[in-house]
Amino acid sequence: MGSSRRTVFPPQPPMSETDAASIRANDWAAFRELSQLMNHWTLEAWPPGRRSGFYWYLTFDDADLATSVKHCQDHLGAEGLDPVPLDGLHLTMLGIGDTDRLPTVHVEEIVERSRAALRDFGAFEIVIGPLGGSRSAIRFSVTPWDRLIALHRILRDSAREVTADRALRPTIDFRPHLGIGYCNTDRPASTVIDRVRELRALPPVTVSVGCVKLVELWPEEGRYCWRDHAVVALAPDPRVR
């Protein structure tokens, strides 16, 4: 989460932001073509001296999702993989800056601008699954992308209005996903891809998105930890359970 070695994955976006089959096929094709998996904590190493950062997150407290994640983690095993705790499941929307470098007044202004911009955005649902992966993690595909991309664009625009930071990840590079485990060593990809393939028949899980959180995030041994800084609620949608 922050190194210059980080690159977009999959390298190319799917043909459609709304068609689940297109998104899932694009994710899987990119993952199964990998020959090597890399140590996430090296690939995503934080710059020296960085203590924590502010990130917009979606978090999930859903029993069906937790059951599916636990099943996959048990099947994959712990060798070479740091599992994401079930109470730590998240979808990273956008990093907005280091806590040491972003003035408090700017953080609060970003929150308020985001809150105002999202006043009429509305809650929505996403579908999580099937399982796939990236260069350094095992993760679920997420569909559809259209509302997530719109949300990312609003959050990024609100942050740039305050900081004018051109380093904020552009929306065109946003690839929604939900990670369930981080590789903790470099290793050949083939065996892991085969194990993931065995889990792809699991039924996807539909979850509701009713808010977005600004969290203060920091890495610890084999995991990411965070504390909530602000919660921006999305307008209730009667179609969302």
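Definitions and limits used
Residues numbered from 1 in each chain as written. Predicted model: local features only at pLDDT ≥ 70, side-chain atom pairs only at ≥ 80, totals over all residues. Heavy atoms only, no water. Helix = DSSP H or I, 4+ residues; strand = E, 2+ residues; numbered from the N terminus. Expected span 1.5 Å × (residues − 1). Buried < 20%, exposed > 50% of the residue type's maximum accessible area, 1.4 Å probe, protein only. Arc of directions from axis to C-beta. Contact = heavy atoms within 4.5 Å. Pairing = 2+ DSSP bridges. Axes fitted to C-alpha atoms, helices over the stretch in contact; angles between N-to-C directions. Phe/Tyr/Trp six-rings, centres within 6.5 Å; stacked < 30°, edge-to-face > 60°. Salt bridge = Lys/Arg side-chain N within 4 Å of Asp/Glu carboxyl O.

(A) Representation of helix H4 (residues 104-117) in the model. Relative to the 20 Å expected for 14 residues at 1.5 Å per residue, H4 spans 20 Å between its end C-alpha atoms, a close match to the ideal helical length. Val107, Ile110, Val111 and Ser114 are the residues of H4 that are buried. Taken down its axis, H4 places every buried residue within 95° of arc, on the same side. In this fold, the buried residues of H4 make contact with strand S2 (53-59), strand S4 (90-98), helix H5 (146-163), strand S10 (211-220) and strand S11 (223-233).

(B) The environment of histidine 106, seen in detail. Along the chain, histidine 106 falls in helix H4. Histidine 106 sits in the partly exposed class, given a relative accessible area of 27%. Put simply, histidine 106 and tryptophan 145 are 39 residues apart on the chain and 29 Å apart in space, counted from C-alpha to C-alpha.

(C) Quick look at the sheet that holds S4. Sheet architecture is open: four strands sit in the order S4-S2-S10-S11, paired in antiparallel fashion. In this open sheet, the two strands that pair with only one neighbour each are S4 and S11. When the angles between neighbouring strand axes are averaged without regard to direction, this sheet yields 30°. Examined bridge by bridge, S2 and S4 share seven bridges and lie antiparallel to one another. By the bridge assignment for S4, threonine 59 is matched with histidine 90. Taken strand by strand, H4 contacts S2, S4, S10 and S11, and its axis lies near 55° from that of S11. Set on the sheet, H5 makes contact with S2, S4 and S10; between it and S4 the angle comes to about 15°.

(D) Local environment of the packing of aromatic side chains. A full pass over the atoms with the stated rule returns six aromatic pairs. With a centroid separation of 5.0 Å and an interplanar angle of 50°, the aromatic rings of tryptophan 41 and tyrosine 224 are classed as tilted. A residue pair is termed long-range when its members are at least 10 positions apart, and tryptophan 41 in helix H2 (residues 40-43) and tyrosine 224 in strand S11 qualify at 183 residues. With a relative accessible area of 22%, tryptophan 41 lands in the partly exposed category. Relative to tryptophan 226, the ring of tyrosine 57 lies with its centre 5.0 Å away and its plane at 80°, an arrangement referred to as edge-to-face. Note that tyrosine 57 is positioned in strand S2 and tryptophan 226 in strand S11, a separation of 169 residues in sequence.

(E) A look at the sheet that holds strand S7 (residues 177-183). Taken in spatial order, the five strands line up as S3-S7-S6-S5-S9 in an open sheet, and their pairing is antiparallel. Here the strands that pair on one side only, and so sit at the sheet edges, are strand S3 (81-83) and strand S9 (205-209). Each strand axis lies, on average, 35° off the axis of its neighbour in the sheet, ignoring direction. In this sheet, S7 lies alongside strand S6 (residues 137-143) in antiparallel orientation, the contact comprising five bridges. Following the sheet pairing, isoleucine 138 is matched in S7 by glycine 181.

(F) Spotlight on the pattern of salt bridges. Here the structure, examined in full by the defined rule, presents nine salt bridges. Between arginine 115 and glutamate 112 there is a salt bridge, and its shortest N-O distance comes to 3.6 Å. On the criterion of helical spacing, the pair formed by arginine 115 and glutamate 112 is a turn pair, its members being three residues apart in helix H4. Overall, arginine 115 belongs to the partly exposed group, its relative accessible area being 32%. Here arginine 227 ties to glutamate 216 by a salt bridge, and the two come within 3.2 Å at their closest N and O atoms. Highlighted residues: arginine 227 in strand S11 and glutamate 216 in strand S10, separated in sequence by 11 residues.

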